[in-house]
Amino acid sequence: MSELELGPVWLSLELAAVTVVVLLLLATPLAWWLAFTRARARVVIEAIVALPLVLPPTVLGFYLLILLGPAGGIGRFWAALSGSTLTFSFAGLVIASVIYSFPFAVQPLQTAFEGVGRAPLEAAATLGATPLQAFLRVASPAALRGYVSALVLSFAHTLGEFGVVLMVGGNIPGRTKVISIAVYEHVETLEYTQAHALAAGLLVFSFLVLVSIYALNRRMPVARP
Amino acid sequence: MATLTLDVVVEREGFELAVKQEIALERITALYGPSAAGKTTLLRVIAGLEERARGLVAFDGAVWQRGARQVPAHARRVGYVFQDARLFRHLSVEGNLRFAVRHAARRADPTSVIELSTVVRELDLSPLLPRRPASLSAGEQQRVAIGRALLTSPRLLLMDEPLSALDIGRKREIVPLLERLPEVFGVPVLYVTHNVDEVARLASDMLLLKAGRIVASGRVADVLERLDLDDLTGGRDAGAVLHVRVEADRRGAAALRLTEQRLHVPVARAGVGMPLRIRIHARDVALATERPRGLSIRNVLQARILRIDADEPINVDVLLDVDGQHLRSRITRDALEELKLEPGQAVFALIKSVALESTTPF
């Protein structure tokens, strides 16, 4: 029996944190656009964003493996840029996680922005606020719940992912071996004690995060104008 | 006086707004018309909130829109009071007011800045400052919204039915405040309403909008007395506006002076010597060829018939001159024929006292 390894735990947390930051940066403008656009392309974009919800992780992982691999478009570009491959690397995992968790960030934000609506933004404009100021000082505070939901859901979803990681990242300690993979490996090798420790740890941690977020959410004023 | 030049078209499914008008804005100008006439749309075009607008919008030499190119709303220096107030719920009342100050600062020229302290004092907002918009009554919210719009130091204040969400009591509170806005803050107001009593009470000039077109414009008294616009200016509620001065106001008996004659009402709701605008419905004015005796009606005015409008089968409208002002009377065709009324004839106009009271519904 080996020592309990904490490496996968830190790697999972790091992956989830980086993924959430990237996700919020990308999802916010897209959610904003989806909430307010009158373009017909909107339904197509919404469908693409929602795809990871319905596709099996292995299908998603398979396409990502091809796309990120040295022969794929993104993989070749990355290899030319950095000299290393994207597959079986932390950077590759981040890209895969961002795509995998995209709907979990976009949808709460889009719903929140739609809830805020155009009315307060128009009011802000007549008061002299530029569109960016109106976004930062009116829409974002009013959509705070949406941000919190997006953050929690995409963080938790990234922590819990397994299939996509296995396809794209494999099982390299310190680089791609996250908690879910480690648990799987421990079970495969019948190391139930380690599996228990990691599984229970993830369970308790996830539960505590969700409880504190819901408690925080409840205390926030409903920001529907 | 400021001039607003409009030559705009807004096309929507099943509706087209097309307005070509030069509007001299002085004090309060009412934009009046039935619902779905396009009043709010026109106001939004002026504010820069209507993407689909095409044409020309210019204010005092500054071009706000030419063709499809629009100066964005945030750069126009227009104050806008929305029908539903639209206060920011995540900010306190003070936060809402400071939002306007903060964002308007860079676009105002220092000579015409409206100060926070002035607005708080004039609109009596200090007790509300720390409160959240959600805890305010509809009337208080509207007062804050008016203050917030003023704090952008606008060159033009647009108001979209600011009284429509309020009950009679709240209206009474806000109307005197609205009346004083142009003087106190030096801002002309364009005021959207579908309530003809509000027009008569607040506005000096008016535009009459119907199905996306301006069908009449001018001084309020001139537009309201036009018999051909009856359907738009009130139909059954049609009437005329009289300018009077409060001569006496004792408990339960006030006297309002025209030039020569006076009217008696129970309450004047204004100080002695104050000018007052009152509206008298045509259906509340009866006519007599000689001064009647033994009558419960207390207001009998000497008048001269200017015009008789007999388009309708049952009722006719009679336009009267009373001390140089215009009054309208609606009587039956039978009565007209029996009394043999003709233009130029001297008559007595009988006005129910109660009619006068209902002319100031605020």
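Residues numbered from 1 in each chain as written. Chains lettered and ligands numbered in written order. Predicted model: local features only at pLDDT ≥ 70, side-chain atom pairs only at ≥ 80, totals over all residues.

S.K.: Any chance you could explain the overall build of chain B here in plain terms?
M.R.: Each helix and strand in chain B was counted, giving 10 helices and 20 strands. The C-alpha radius of gyration computed for chain B amounts to 22 Å, which stays within 12% of the reference 21 Å derived for 362 residues, consistent with globular compactness. Projected onto its principal axes, the C-alpha coordinates of chain B cover approximately 65 × 50 × 35 Å. A buried classification covers 44% of the 362 residues belonging to chain B. In chain B, 67% of the contacts between residues at least 6 apart in sequence involve partners at least 24 apart. (Helix = DSSP H or I, 4+ residues; strand = E, 2+ residues; numbered from the N terminus. Rg over C-alpha atoms; globule rule 2.2 N^0.38 Å. Buried ≥ 20, exposed ≤ 12 C-beta atoms within 10 Å, placed from the backbone. Contact = placed C-beta atoms within 7 Å.)

S.K.: Looking at this structure, I do not really get the domain arrangement of chain B. What am I missing?
M.R.: When the parts come together, some accessible area is lost, and that loss is often what is quoted as the size of the interface. Residue and element names in this part refer to chain B. Looking at chain B, the domain boundaries give domain 1 (2-224) and domain 2 (237-357). Distance between the C-alpha centres of domain 1 and domain 2: 34 Å. Taken together, the contact between domain 1 and domain 2 spans 7 residues of the former and 6 residues of the latter. For the side of domain 1 that touches domain 2, the secondary-structure elements that each account for two or more residues are α6 (196-202) and α7 (220-224). At 4 residues, the largest contribution of residues to the side of domain 1 that touches domain 2 is made by α6. Across the side of domain 1 that touches domain 2, the residue classes break down as 5 nonpolar, no polar and 2 charged. (Domains from an automatic or database assignment. Nonpolar A, V, L, I, M, F, W, Y, C, P; charged D, E, K, R; others polar.)

S.K.: Help me out: how do you make sense of helix α5 (residues 168-185) of chain B in this one?
M.R.: Because an α-helix completes one turn every 3.6 residues, residues spaced three or four positions apart along the sequence face the same direction. Residue and element names in this part refer to chain B. If you check α5, its first and last C-alpha atoms are 26 Å apart, about what 18 residues at 1.5 Å a residue would give, namely 26 Å. Maximal helix bending in α5 amounts to about 35°, located at E179; proline P182 follows within four positions. Within the sequence span of α5, burial applies to K171, L178, L181 and F185. Buried residues belonging to α5 abut α4 (138-150), β8 (156-160), β9 (189-193) and α6. At the exit of α5 stands G186, carrying a positive phi of roughly 65°. (Expected span 1.5 Å × (residues − 1). Bend = angle between axes of the 7 residues up to and from the residue.)

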